[in-house]
Amino acid sequence: MSTLASSGGTLTASGSGRLGRWGIQGVTYALLSVGALMMVTPFLWMLITSFKPAPELVEFAWLPKSPTLANYERVLTTSNFTRWYFNSIVVALFSTTCVVLFDSLVGYTLCKFEFPGKNLIFLGMLATLMVPTEMLIIPWFDMSVRWSWNTGLAQYWGIAFPGVITAAGVFLMRQFFNGVPNDLLDAARMDGMSEFGIWAKIGVPLTLAAMAALAIFNFIGNWNAYLWPLIVASERAYYTLPVGLSFFRGESTTEWEKIMTAASLASLPLLCVFLVFQRYIIAGVALTGLKG
Amino acid sequence: MRLTLRQRQVLWAYAFLSIALVFFVIIRWYPALLSFNIAFRDWNTFKGAGPWVGLENYAAIWDDLWKPRSDVRAAFTNTLGYVLYGVPAQMVLALAVALLLDRIRVLSTLFRVAYFAPYVTSAVAVAFVWNWLYLPQTGLLAQVFDLLRIPEQPFTKSPDQALASIAAVAVWQTLGYSVIIYLAGIKQIPATYYEAARIDGAAGARLFQHITLPLLNPVIVYLTVLSTISFLRLFALVQNMSPQGTGGPLKSTTTVVLEVYRKGFSSYDMGYAAALTVVLFFVILLITVVQLRFLTRRFEY
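Each value, and the rule that gives it
Residues numbered from 1 in each chain as written. Chains lettered and ligands numbered in written order. Predicted model: local features only at pLDDT ≥ 70, side-chain atom pairs only at ≥ 80, totals over all residues. Heavy atoms only, no water. Helix = DSSP H or I, 4+ residues; strand = E, 2+ residues; numbered from the N terminus. Rg over C-alpha atoms; globule rule 2.2 N^0.38 Å. Buried < 20%, exposed > 50% of the residue type's maximum accessible area, 1.4 Å probe, protein only. Contact = heavy atoms within 4.5 Å. Areas by Shrake-Rupley, 256 points an atom, 1.4 Å probe, with all protein chains shown as cover. Lys, Arg positive; Asp, Glu negative; His and termini not counted. Charge placed at Lys NZ, Arg CZ, Asp CG, Glu CD. pLDDT = per-residue confidence, 0-100. Salt bridge = Lys/Arg side-chain N within 4 Å of Asp/Glu carboxyl O.

*Asks:* I tried to follow the overall build of chain B on my own but got confused; where do I start?
*Replies:* Scanning chain B for helices and strands turns up 13 helices and zero strands. From first element to last, N terminus to C terminus, chain B shows the α and β order α-α-α-α-α-α-α-α-α-α-α-α-α. Against the 2.2 N^0.38 benchmark of 19 Å for 301 residues, chain B shows a C-alpha radius of gyration of 24 Å, more extended than a compact globule. Here chain B holds 301 residues, and the buried ones make up 54% of them. Contacts in chain B between residues far apart in sequence, at least 24 positions, make up 65% of those at least 6 positions apart. When the accessible surface of chain B is split by element, carbon and sulfur atoms take 64% of a total near 14,400 Å². On chain B, the mean spot of the 24 positive side-chain charges and the mean spot of the 14 negative ones are 11 Å from each other.

*Asks:* Looking at this model, I keep getting lost on the confidence of the model for chain B. Mind explaining?
*Replies:* Averaged over every residue, the pLDDT of chain B is 90; the share at 70 or more is 97%. Overall fold confidence for the complex sits at a pTM of 0.90, while the interface term, ipTM, reaches 0.90.

*Asks:* Mind showing me how you'd approach the pattern of salt bridges here?
*Replies:* Side chains that differ in sign of charge can pair as their charged atoms come close. Applying the stated criterion to the full structure yields 14 salt bridges over all chains. In this structure, arginine 74 of chain A and glutamate 255 of chain A form a salt bridge, with 3.2 Å as the shortest nitrogen-oxygen distance. Of this pair, arginine 74 of chain A sits in helix H2 (residues 70–78) while glutamate 255 of chain A sits in the loop between helix H12 (241–251) and helix H13 (256–291), and the two are 181 residues apart along the sequence. Salt-bridge contacts for lysine 263 of chain B lead to glutamate 259 of chain B; the nearest nitrogen and oxygen are separated by 3.9 Å. Taken together, the residues span about one helical turn, with lysine 263 of chain B and glutamate 259 of chain B both in helix H12 (residues 256–265) at a distance of four residues. Take lysine 263 of chain B and glutamate 259 of chain B: they sit in the same class, and that class is buried. Salt bridges sharing common partners tie together Asp71, Lys251, Glu259, Arg262 and Lys263 of chain B.

*Asks:* Just to check I follow, could you spell out the confidence of the model for chain A for this structure?
*Replies:* If pLDDT is low for a region, its predicted coordinates should not be looked at in detail. Per-residue confidence for chain A gives a mean pLDDT of 87, with 92% of residues at or over 70. Low confidence marks residues 1–15 of chain A, where pLDDT is under 50. Its contacts with residues over four positions away, or in another chain, come to 22 contacts.

Structure (structure tokens):
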């Protein structure tokens, strides 16, 4: 509903007429294109650079003269990149699975059950939204050292634990469960279905759209998480991609073709996920953001 | 013993909540309280809990704030600088893009994807791409400036330009998010308001001034707070765009969170770092409370 554009010229005697409207549309597209170019060019330049052999970097040319995959081969074979990919996938998948299950179950319980302490528990969870992550990293680090979550395989848990249940997700799911009729749940109860079964077989299928949105956002968030993984992962083999990428730069300060290859490797999977799900992601931002 | 339906419901509810309750107590509430405790102690990162020193860490921060060359003074003034550069730029640019996007139909999805893409990209990757773009002589911007006969700029290499250069990247990365929220807000304004105003002879800028802007006010307040908080928490970009990740050149780009990281995990002074995070917490809390007051205020249209 482009309210501003539909000036229509029917009520106001717009002197400019049809030509003026075409002109305005033209300017609109021109401005948007300039902006979009500024958003996209850095990504393109990153990709283009990653296909250039080192000597071509000092010449100014848009496209590589002799495009090569050698940078990719070098980055993938000489650093721990494949391992960091694996770590990022493990951590992001684990956190996202936990978030989707727990946030749904907790949101469902806080929406559909009556029990003493319900409001206190809900408020107690929401209150944690006021505390920025930065304030928790020092105590988390202390706990991780105390319980050895920062060495060996436990580092996966160490990196992932802050994100396995989210207050924002609980709130979102609780809102969505409001739309599930109680009669449906009571009918299942009459049929003798267990409470867990009612959530899993009736509640979950009816809120799949919300769960999908939650899953995508958490996957992106966990994939890109930087500050906490940087602090807790003590061994190189357990870095996630952003942390590994950051250390990778320290080791190849001036080899920009390698750094851009690494940056491409780190960002392309998520850009692809975004392109596939862009409609849901953008709709999800508008929905959750406006409720905020 | 047979339980009533209601008793069974209570048991089920607590069974469903059990893991989450343990999680919120151990992973959220206890650490939040612990960081207040650490801030009152002389706490070394590897030696663990130290003696209670009362307000000493806060006093040290206060002292450092007034020392002309201290890291913390630079951190607070720079963070304020990021907010003052970044937030207005983000709010105005995003609104402009949203208003433009609202006027078109063809290619609208393509534009949205283009503007939103940086938001889903890792800040570390974004930092490196911009390091490469900003690089003197061989960087793309230097080459483009050369073509346009604009003198070469040092960007992140100079203490005068580094902060603005990083703030610009932060705006570039998060612009798309604000655009989408603005767009959703614009779509919610009833078309009848515009029609009525047109009958009264209003057009163009006056429609924007008297309908779009006032009706978008809650969205503007919400986004201003959100983007202020995100600029207050700036870390990954600065760490990966400054030399050796120390907030240089000459501390000109360091932020509060970067200093938290450096004090806690390079100087191992956890007490001081925790006190810094408590200060950050209260600043964010204050902004959030002010936002709630603004948002609950009634507007007369």
